[in-house]
Amino acid sequence: MFERSSGILLHPTSLPGKYGIGSLGKEAYKFVDFLKKSNQKLWQIFPLGPTGYGDSPYQCFSSFAGNPYLIDFDLLIEQNLLTEEDLKDVNFGGNEEYIDYGAIYNQKYPLLRKAYENFKANGNKELKEKLETFKTENSSWLDDYSLYISLKNHFNGLPWNEWEDDIRTRKEAAINKYKAELVNEIEYHNFIQFLFFTQWNNVKKYANDNGIKIIGDIPIFVAVDSSDAWANPEIFLFDPELKPVKVAGVPPDYFSATGQLWGNPLYDWDKLKELNYKWWVDRVRANLSTCDIIRIDHFRGFDEYWAVPYGDKTAENGTWCPGPRTDLFNAIKNELGELPIIAEDLGTMTQGVIDLREATGFPGMKILGFAFDSKEENDYLPHTYTKNCVVYTGTHDNDTLIGWFTKANEDDKQFARNYLNSRSDNEIHWDAIRGAWSSVANMAIAPIQDFLGLGSEARINTPGLASGNWQWRLKDGVLTDELAERIAKLTKVYSR
């Protein structure tokens, strides 16, 4: 399904810019221009949803909504929704290389509210008509999301399962009551989503027009505190009080003696099957409208998932339960046709997962950062690949190549040097990228940090750390024509 190609992994929040966090304005378009100069065909991003506690794009308030942090203020100035004066002397954080989420939260929402008040007052008929069209076309998720986020603010940030009983359980009278009371707040959040998707769709169109496809990302599970869980409790394993019966995690392994307790609610796959997997079909359809290809995180969970009793402090007492397997993907294909999906099949792979991946035809993932264990042969070494896979030098869960190499033991370093035919440790990142690009894998992708040869200071996420992640940003001016030319030459040599 996928042609031989290559690309760069960079989430829009990591773009440079003057407002403390990357956005969907001129820097996004400049990055597309850089991709084109570099002869790249793919731009991979993280989930685009509104982030909650910990700022992780893999724990969002909605599987369908967009992240307000990414809305570009300069574009709002062009639309006369804000003025330069509105943004004068606003503190978005003092470090251009790291995001200060506290400052962003405190400054961005008041400015978006000002934009909304100006929108209501300025009488722009065309913009108002476009908003109404957006609301109609997206009502299947937007109505629930905007009400949910308005209620969340009304209840001082409490998760939905701690709201008053009538609205927590979605009693019709309570829904109608709060829709009336919070009508302006709901319209404000409709407006924010309209701004996000208008800006994002324009960026995506620009990328597509320049021959670049967007690879998006779907986490298998949703957050407990999300509009998905509140609005669709019947498709999750909740008890009559709407508390999870069991939650997601992974069992104890080499990396963690007690496993990983993620805490996400688990799906009631029997109920989903009864409903022809409609929620999943809608989720994939929505993601394919904002991206061209989707990476599905934790693909193993569709074969079997680790279910931990709710309330346990560790993941040790979980059990393996069967997932929907091919039944889910057949149902989605029946509705949407062939699916441009990448299966994140990392970690311990059972024969069941391998069989599921092969039955769907989805390419799996290979991580070069895992390849150079001098003690054992593994299937992350490029000579073991088949065409139907995607090779990454690293993902958001890995250290950068330089960070990994700096900390690796000498035997592993020497194995990497020998395998990659590397003549200088200063060029080891380029040698690894060449190893990925020269492989038979249909797609090859590297985070921008690896092209830049950055160390662990540029790592964007360390699994298991509750805070301090997702903060790294690209410095302005580092994406030079010289770098683009070097990437383009490498890409041409290996016919990507």
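Residues numbered from 1 in each chain as written. Predicted model: local features only at pLDDT ≥ 70, side-chain atom pairs only at ≥ 80, totals over all residues. Heavy atoms only, no water.

Worth spelling out the cut-off: UniProt positions are given in the numbering used here, feature names are shortened, and annotations may be inferred rather than shown by experiment.
Named according to an unreviewed UniProt entry, the chain is 4-alpha-glucanotransferase originating from Leptotrichia shahii. The annotation that UniProt attaches to the chain under Sequence similarities (unreviewed entry) is "Belongs to the disproportionating enzyme family."

1. Some points on the sheet that holds strand E10 (residues 364-367)
In plain terms, the rule: By this definition, two strands are paired if DSSP reports at least two bridges between them. Starting at the N terminus, helices and strands are each numbered in turn, a helix being any DSSP run of H or I of at least four residues and a strand any DSSP run of E of at least two. Here the axes come from fitting lines to C-alpha atoms, over the contacting stretch only for helices, and the angles between their N-to-C directions go from 0 to 180 degrees. The contact rule is simple, with two residues in contact once any of their heavy atoms fall within 4.5 Å.
The sheet built from 8 strands is open, its strands ordered E9-E6-E3-E2-E1-E12-E11-E10 with parallel pairing. Taken across any chain shown, the strands that pair with only one partner, and hence form the sheet edges, are strand E9 (341-343) and E10. For this sheet, the mean inter-axis angle between neighbouring strands, taken without regard to orientation, is 25°. Where strand E3 (residues 213-218) lies against strand E6 (residues 293-296), 4 bridges are found, and the strand directions are parallel. Among the inter-strand pairings, Asp 217 is bridged to a residue of E6, identified as Arg 295. Contacts from helix H1 (residues 26-37) reach strand E1 (5-9) and strand E2 (42-44) within the one sheet, and its direction differs from that of E2 by about 135°.

2. Section: the side chain of His 298
The condition is simple: Each residue is assigned to one of three classes by its accessible area relative to the maximum for its type, calculated with a 1.4 Å probe on protein chains only: buried under 20%, partly exposed between the two thresholds, exposed over 50%.
Considering the arrangement of structural elements, one finds His 298 in the loop between E6 and strand E7 (304-309). Given a relative accessible area of 16%, His 298 falls into the buried group. In contact with His 298, other than residues within four places in its own chain, are Ile 220, Phe 221, Val 250, Trp 262 and Glu 344.

3. Some points on unusual backbone geometry
Here His 298, not a glycine, exhibits a phi torsion of approximately 55°, which is positive. The phi angle at Asn 421 is positive, at roughly 55°, despite the residue not being glycine. Position of Asn 421 among the secondary structure elements: in the loop between helix H16 (410-420) and helix H17 (428-437). When its relative accessible area of 47% is taken as the criterion, Asn 421 is described as partly exposed.

4. Concerning the nonpolar core
Keep this limit in mind: What is meant by a nonpolar core is a set of buried Ala, Val, Leu, Ile, Met, Phe, Trp, Tyr and Cys residues, joined one to another through side-chain atoms within 4.5 Å.
Within the largest apolar cluster, 152 residues are counted, with the highest numbers of intra-cluster contacts made by Trp 43, Trp 230, Trp 280 and Phe 302. If you tally residues by element for this core, the top one is helix H9 (residues 183-209), at 11 residues. Other than its neighbours up to four places away in sequence, Trp 43 contacts Ile 8, Leu 10, Pro 12, Ala 28, Phe 31, Val 32, Leu 35, Val 203, Ile 212, Lys 213, Ile 214 and Ile 215.

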